[in-house]
Each structure stands twice: as structure tokens, then as C-alpha cells.
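Overview (structure and organization)
Here is how the chains run, residue by residue.
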Amino acid sequence: MSALFDFGIPGLMATLPPELATALGTAAVRMHFKDGQQIHARGDGVEALSIVHSGSARLGYVDREGNYRSTAILGPGQFFGEFTIFARLPREFDAIAIGPTVISEVSRLRFDRLIEQHRGLRAHFLSSLAFRLHAALEFVDDLRRLPLTVRVGKVLAVSARSFAAGNTVNMTQTELSEILGVTRASVNKALKELEQQKLVARAYSKITLPDPQRLQDWVLSQSDSPTAF
């Protein structure tokens, strides 16, 4: 399975109090998808919040050359589609299932009722959205300021947090290049530099971090920012 790339933000369902998580789950409709099946298409106008119940969802788009470009890979507890219910905007990305995936979908009408019935739910969503906005702005800032090698190291360090072992990222160089918006050759060069410093070790379809904390410390030292993680 591909590594999760959710900017290191805890899943919504994990942060909700039990009673709110139960209410949200009860209002949802479970939808089952096979590996590679489309969950939503870019431009889809269906107003609903999509929560990953199990499996994972790859968000991205098809470029002019017909290539699929990943922007995020969300695991259990993470959500997408919030723009459709809060701003009534169409879906910004295609969503594709990675492996057997179950999506809990809450329609805008049901979500609005939940917000009225459970006032605490609004505060939790605002908090989650604020964390996402902060992460997105930080990602853009990194794009402008940091060398690619540092950005590659940061993506790997953040992605490794999604695994219990904390030191293996099941991500191909192609997936890594899509997330960062650069060529595979550029990512390969950056990984070689990180390997030379013994910060990463490459293998087939995965990258190992011998010492995740050392990699994080290195990224921080190169970032000039106390909030790089």
C-alpha cells in the first residue's frame, strides 16, 4: 500500500469525542470501493463529506498529458469533500481507492442537521480545517524556500509517522515526484544525496529511515523554521 501523505495531521475521527464520532458515523452511508476504483471525479457537484473508514484514498488529477498526479493520500479517519458542504464548490480532485476501501459519506443536509444538534462538532471541524490550512500554507512556503532535497526529506519524515514502526515509507519515487510536483529524475538525485548522509536507504517500492528523529532534526536544521513539523 502506498504511504499516507496527510501532512501529518491526525484523522478527524480520532480527535472527536466518542459521542460525536458515533453521531457522525450514524449519519453516514458506507460506500465500498475496489482497488483503483474512482470514488469521486474532479468537478463532481455532489455535496457530501467523505470520510475514509478503512483503506485509503488518493487525491489528485489528470494533467494535460494524461498522467495522474497525486496531491494527497488519506487513510482511516481522514476526510475530504469539505468544500462541497461548506462552500458548495465542486470537487477539486479525483479520489481513487487504494486497495479495498470503505468511505463513510455524509450528505450536506445530514451534516447541517448534525451541526445544529451537536454544537461541539463545528469547533472540531474548524480546528481540523485550521490545521489543514496551516499545513497547506507551510507546504507552499517550503516550495518557495527549501531545496528539493530538504523537501523530499520532510515528506518522508511526515509520511513515516503514519506507520507504527515509524521508519518505513512504502512510496515509489514516481509517487514522491507527483506529490512534490517535480520529475522522477530530480527526486532520484535528492534521494541519493540523503542516502550519502545515511538519512535514508532505498529499496524496491519503499524507503527506510534508519533514524527518523535524525532525519527530522536534519530537516529542521535546514529549514530555518521552528515549525517545520
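Above this text you will find the structure in question.
Report follows, based on the coordinates. The structure presented is a predicted model; accordingly, all values stated were derived computationally and were not measured.

A few words on the sheet that holds strand E9 (residues 206-208). Within a sheet, each strand pairs with its neighbour through backbone hydrogen bonds, oriented either parallel or antiparallel. Taken together, the three strands give an open sheet; going across it, the order is E7-E9-E8, and neighbouring strands pair in antiparallel fashion. At either margin of the open sheet sits one strand with a lone partner, and together these are strand E7 (168-169) and strand E8 (201-203). The sheet contact formed by E8 and E9 spans three bridges and is antiparallel. Among the inter-strand pairings, Ala203 is bridged to a residue of E9, identified as Lys206. Those strands touched by helix H8 (residues 184-196) are E8 and E9, and its axis lies near 130° from that of E8.

What follows covers the packing of helix H6 (residues 148-160) against helix H9 (residues 212-223). Here H6 crosses H9 at 140°, and the two axes come no closer than 9 Å. When the axis of H6 is compared with that of H9, the two are oblique. Where H6 crosses over H9, the two elements pack in a sense that is left-handed. Side by side, H6 and H9 meet where Thr149, Val150, Gly153, Lys154, Leu156 and Ala157 of the first sit next to Leu215, Gln216, Trp218, Val219, Gln222 and Ser223 of the second.

In terms of residue burial, strand E6 (residues 94-107) counts as a mostly covered element, since twelve of its 14 residues are buried. Sheet topology places strand E1 (residues 29-33) next to E6; five bridges connect them, and they run antiparallel. Residue pairing across strands places Phe33 opposite Thr101, the latter belonging to E6. In this structure, strand E3 (residues 48-62) lies alongside E6, joined through eleven bridges in antiparallel fashion. In the sheet register, Ala57 faces E6, and the bridge partner there is Ala97.

With that out of the way, let us pick up the packing of aromatic side chains. The tally for this structure, following the rule as stated, stands at four aromatic pairs. Arranged with centres 4.9 Å apart and planes meeting at 85°, the rings of Phe111 and Phe125 form a pair that is edge-to-face. On the criterion of sequence distance, the pair formed by Phe111 in helix H4 (residues 108-117) and Phe125 in helix H5 (residues 120-145) is long-range, its members being 14 residues apart. Residue Phe111 is classed as buried on the basis of its relative accessible area, which comes to 1%. A relative accessible area of 1% means that Phe125 is categorised as buried. Cation over ring: Arg132 sits above Phe79, and NZ or CZ is 4.0 Å from the ring centre.

It is worth spelling out the pairing of strand E4 (residues 68-74) at this point. In terms of strand pairing, E3 meets E4 through six bridges, oriented antiparallel. Paired with Arg58 across the strands is Ile73, a residue of E4. The loop that links E3 with its antiparallel partner E4 comprises five residues; one of these, Gly66, has a positive phi angle of about 85°.

Tallied over the entire structure, the rule returns ten salt bridges. The partner of Glu92 in a salt bridge is Arg42, with the nearest N and O atoms 3.8 Å apart. Highlighted residues: Glu92 in the loop between helix H3 (82-86) and E6 and Arg42 in the loop between strand E2 (38-40) and E3, separated in sequence by 50 residues. Between Glu195 and Arg202 there is a salt bridge, and its shortest N-O distance comes to 2.9 Å. By relative accessible area, which is 27% here, Arg202 ends up partly exposed. Residues participating in the shared-partner salt-bridge network are Glu47, Arg108 and Asp112.

What counts and what doesn't
- Residues numbered from 1 in each chain as written.
- Predicted model: local features only at pLDDT ≥ 70, side-chain atom pairs only at ≥ 80, totals over all residues.
- Heavy atoms only, no water.
- Pairing = 2+ DSSP bridges.
- Helix = DSSP H or I, 4+ residues; strand = E, 2+ residues; numbered from the N terminus.
- Contact = heavy atoms within 4.5 Å.
- Axes fitted to C-alpha atoms, helices over the stretch in contact; angles between N-to-C directions.
- Parallel < 35°, antiparallel > 145°, perpendicular 65-115°, else oblique.
- Left-handed = near helix turned anticlockwise from the far one by under 90°.
- Buried < 20%, exposed > 50% of the residue type's maximum accessible area, 1.4 Å probe, protein only.
- Phe/Tyr/Trp six-rings, centres within 6.5 Å; stacked < 30°, edge-to-face > 60°.
- Lys NZ or Arg CZ within 6 Å of the ring centre and 35° of its normal.
- Salt bridge = Lys/Arg side-chain N within 4 Å of Asp/Glu carboxyl O.

Remember, this is a structural readout, not a statement about activity or role.
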